[in-house]
Amino acid sequence: MNGLKLEHLLLEPLQQRWVTTEPDMNHAQLWEASLRLAAGLQARGIQRLAVYLEDAGVLAIALLGAWRAGASVLLPADLQPQTRQRWAPAVDAWLTEVADLEALYQAPLSPAVLDLDSCQLSLCTSGSSGEPKRIDKSLRQLANEVQALEALWGADLKDACIIGSVATQHIYGLLFRVLWPLCAGRLFVRKQLAFPEDMQRASREYPRFAWVASPALLKRMGDNLDWPALSRVARVFSSGGALPVEAAGSLYDRLQQWPTEILGSSETGGIAWRQGAQPWQPFADVQLSQDADGALRIASKYLPEGHVEQTADAARIHADGRFELLGRLDRIVKLEEKRISLPMLEQALMTHSWVAETRLGVVQENRASLGALVVLSAAGLHALRNQGRRTLTQTLRQHLGQHCEALALPRRWRLLRQLPLNSQGKLPQAEVEALLLAPRPKAPQVLEQVEADGEWTVQLSVPPDLTYFSGHFPVTPVLPGVVQVEWAFNLGQQLLDLPGTFAGMEVLKFQQLVRPGDQIELHLRFDRERRKLYFAYRNGVAACSSGRIVLEAAHA
Amino acid sequence: MSNQKSLEHEIKELIIEALGLEDISADDIGSDQTLFGEGLGLDSVDALELGLAIQKTYGIKIDADAKDTRNHFTNVASLAAFVTARQAA
């Protein structure tokens with residue numbers, strides 16, 4: 001391979017060196033476009049550039065052009081209006097499509113070595129507070145990463161074309177799909193290919209290829225793919241989140257090779273790699289240590305000089321330097337490689353007037369998603385009663401949608417009277433997740449029960465999230481009469497030792513609706529001679545319903 | 001219900017089941033409603049999940065070499081047409 005250092009990419013045009021395809025671009029074309037862009041940026045005095053380009057080839061031009069012009073580059077995570085607004089004061093111009101570059105092209109600047117220490121790139125990630133965090137890197141840090149990757153796997157990849165399923169706005173995609181192949185002289189595919197079928201079609205175009213993918217894709221590759229053809233893949237990289245062991249094993253079965261997992265983040269840069277169920281092997285430039293809680297601390301040439309990055313990942317470091325990860329020490333979760341701060345979403349949810357308290361957790365089912373435990377405010381309960389559960393949850397989802405991407409929106413909602421805090425006033429995360437997995441309640445919550453002269457008075461709370469409310473009725477949930485009778489019967493059995501089984505009902509009266517969150521009083525009396533259970537529900541002074549349940553001997 | 005309509009209904013149930021959607025019933029999903037992005041609000045991971053669920057449920061294979069196979073996933077009607085065509089094939 002014809003390796004070039006990152007800082008030397010714009011020194012001279014190389015006709016024989018291919019960068020990308022569809023449409024083709026060789027290094028000489030990249031070189032010229034970059035220098036022309038650099039001239040335009042300088043002429044307009046643009047020094048701070050925000051770049052969001054889906055085409056990795058155009059992105060390469062933008063990055064090199066900006067650096068040649070001495071402009072810093074910010075890669076925002078998305079182009080949502082809030083994101084644009086947030087960064088507006090920090091940038092002079094945005095490059096989001098080819099036309100934006102073309103509008104800037106002028107007679108090219110002269111070729112030059114890029115200054116590794118003055119050239120800047122900033123990445124965006126969600127910090128632990130949930131506020132998007134900007135991470136500034138020098139070109140030197142990036143160049144060090146690229147060199148390490150080529151030293152490890154260059155000989156192995158040879159001239160493989162790089163095909164990626166991940167975005168280039170983040171560190172992993174940027175390094176693996178753009179900067180590394182640019183320096184190594186490997187061809188890369190312009191587009192992010194999010195579906196396995198697209199990956200396969202692209203792979204068929206090249207005699208040698210490698211994948212830059214993520215668990216979201218790798219754990220969802222089906223039998224419809226031509227695995228014998230795909231097993232020519234030179235290497236499968238995975239990063240962004242943990243690849244489940246089963247997914248790695250299934251790839252091994254189909255491709256006869258283990259995927260190569262990369263551990264790292266925008267903040268830390270690359271930390272380590274592994275294949276299969278091995279411990280993590282730190283990259284050669286990385287020095288690991290741990291704080292008192294056992295969380296990893298990272299120092300490396302991929303970080304600013306002298307900086308030690310504290311992570312929240314608990315780890316066990318083996319004598320040979322390799323290590324195992326033991327889980328997060330904070331409430332940041334990853335869903336499909338997206339980092340999500342639960343406290344931030346909880347705060348955002350709390351700003352809605354319908355929410356009194358809330359806790360979020362991860363629901364592990366087909367795909368992992370978020371679920372929310374919510375204690376409604378009075379206004380929230382009013383909304384539930386008069387507009388129904390679906391409107392309530394949709395409204396809360398929409399409210400949250402202003403604060404996070406769609407993927408982080410809770411898919412499961414559980415409405416509670418109060419959060420079941422433990423004796424220390426805490427609600428452990430495992431308990432949150434158990435509550436989210438549990439089915440919605442079918443029975444009332446018994447608050448108090450007293451007996452006088454054979455008659456029981458039972459104080460009941462009607463759970464706001466009773467399973468019967470969804471269909472009865474979607475927009476004005478009320479407690480079905482048949483459920484009231486069933487509750488009376490069930491409680492009667494518990495309290496009065498009823499002989500026999502349900503045989504029918506008499507003089508049923510329904511006078512007032514019972515709704516989510518109501519506290520009601522149930523009176524129960526059993527007439528043994530007539531074998532009839534008398535029941536009456538009251539809400540304050542108002543009678544809700546009453547009737548008699550007729551019983552017959554257990555075995556007729 | 002015609003065959004087409006009952007298949008569409010079945011696919012709606014499959015979407016709700018496979019993607020774990022709450023507070024939504026098959027009747028709430030329009031056959032021509034866009035599934036991904038705006039519309040029903042599903043994302044690319046849902047698209048991957050649904051691709052697997054459809055193949056498994058109907059014993060069909062998405063032709064990985066055909067271009068634009070994902071166009072079949074635009075809405076329930078296009079998915080039903082796709083399932084019917086693949087089952088006949």
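Criteria and cut-off values
Residues numbered from 1 in each chain as written. Chains lettered and ligands numbered in written order. Predicted model: local features only at pLDDT ≥ 70, side-chain atom pairs only at ≥ 80, totals over all residues. Helix = DSSP H or I, 4+ residues; strand = E, 2+ residues; numbered from the N terminus. Rg over C-alpha atoms; globule rule 2.2 N^0.38 Å. Buried ≥ 20, exposed ≤ 12 C-beta atoms within 10 Å, placed from the backbone. UniProt positions renumbered as here; feature names shortened; annotations may be inferred. Axes fitted to C-alpha atoms, helices over the stretch in contact; angles between N-to-C directions. Parallel < 35°, antiparallel > 145°, perpendicular 65-115°, else oblique. Contact = placed C-beta atoms within 7 Å. Nonpolar A, V, L, I, M, F, W, Y, C, P; charged D, E, K, R; others polar. Pairing = 2+ DSSP bridges. Expected span 1.5 Å × (residues − 1). Core = buried A, V, L, I, M, F, W, Y, C linked by C-beta atoms within 7 Å. Domains from an automatic or database assignment. pLDDT = per-residue confidence, 0-100.

Draft legend 1. Layout of the overall build of chain A. When you go through chain A residue by residue, the secondary structure sums to 15 helices and 28 strands. In terms of overall dimensions, chain A is more spread out than a globule: its C-alpha atoms have a radius of gyration of 31 Å, far above the 24 Å expected for 556 residues. Based on the C-alpha atoms only, the size of chain A along its principal axes is roughly 105 × 50 × 50 Å. Of all 556 residues assigned to chain A, the portion counted as buried reaches 40%.

Draft legend 2. The arrangement of the UniProt feature "domain: Carrier" (unreviewed entry) in chain B in detail. According to UniProt, the positions carrying the feature "domain: Carrier" (unreviewed entry) are residues 5–87 of chain B. This span, residues 5–87 of chain B, is 49% helix and 0% strand, and a straight line between its end C-alpha atoms measures 16 Å.

Draft legend 3. Broad picture of the packing of helix α5 (residues 139–157) of chain A against helix α6 (residues 171–184) of chain A. Residues and elements named next belong to chain A. As a packed pair, α5 and α6 sit with axes 10 Å apart at the nearest point and diverge in direction by 75°. Regarding the angle of α5 to α6, the classification is roughly perpendicular. Seen from α5, the contacting residues are Leu142, Glu145, Val146, Leu149, Glu150 and Gly154; seen from α6, they are Leu175, Leu179, Trp180, Cys183 and Ala184. By residue class, the composition of the contact of α5 with α6 is eight nonpolar, one polar and two charged.

Draft legend 4. Region of interest: the sheet that holds strand β22 (residues 412–416) of chain A. Residue and element names in this part refer to chain A. Read across the open sheet, the three strands follow the order β20-β21-β22; overall the sheet is mixed. Only two strands of the sheet have a single neighbouring strand rather than two, namely β20 (355–364) and β22. Averaged over all pairs of adjacent strands, the angle between their axes in this sheet comes to 20°, without regard to strand direction. Across nine bridges, the pairing between β20 and strand β21 (residues 368–376) is antiparallel. In the strand pairing of β21, Gly361 is matched with Gly371. Each of β20, β21 and β22 touches helix α14 (residues 429–437); the most contacted strand, β20, lies at about 85° to it.

Draft legend 5. How the structure looks around the sheet that holds strand β11 (residues 260–265) of chain A. Residues and elements named next belong to chain A. Reading across from one edge, β8-β9-β10-β11-β12-β13 is the order of the six strands in this open sheet, with mixed pairing throughout. Each end of this open sheet is capped by a strand with a single partner; those strands are β8 (161–164) and β13 (281–282). Both strand β9 (residues 209–213) and strand β10 (residues 236–239) contribute to a ladder of three bridges, which runs parallel. The residue of β10 that forms the bridge with Ala213 is Ser238.

Draft legend 6. Up close: helix α2 (residues 44–58) of chain B. Under the 1.5 Å per step criterion, the end-to-end length of α2(B) is 21 Å for 15 residues, consistent within 8% with the ideal 21 Å. Of all the residues in α2(B), the buried ones are B:Val45, B:Asp46, B:Leu48, B:Leu50, B:Gly51 and B:Ile54.

Draft legend 7. Region of the structure containing the nonpolar core. Judged by nonpolar contacts, the single largest core of 100 residues is most densely connected at A:Val51, A:Ala60, A:Ala62 and A:Leu179. With residues up to four places along the chain from it excluded, the contact list for A:Ala60 reads A:Val19, A:Leu30, A:Val178 and A:Leu182.

Draft legend 8. Local environment of the interface of chain B and chain A. Contact with chain B, which involves 19 residues of that partner, is made by 26 residues of chain A. A total of seven residues in the side of chain B that touches chain A trace back to one element, the largest contributor, which is α2(B).

Draft legend 9. Highlighting the domain arrangement of chain A. Structurally, chain A comprises domain 1 (21–114), domain 2 (336–437) and domain 3 (445–552). The distance between the C-alpha centroids of domain 1 of chain A and domain 2 of chain A comes to 41 Å.

Draft legend 10. Structural view of the confidence of the model for chain B. In the predicted model, chain B carries a mean pLDDT of 89, and the fraction of residues at 70 or more is 99%. Interface scoring of the predicted complex returns ipTM 0.83; its pTM is 0.84.

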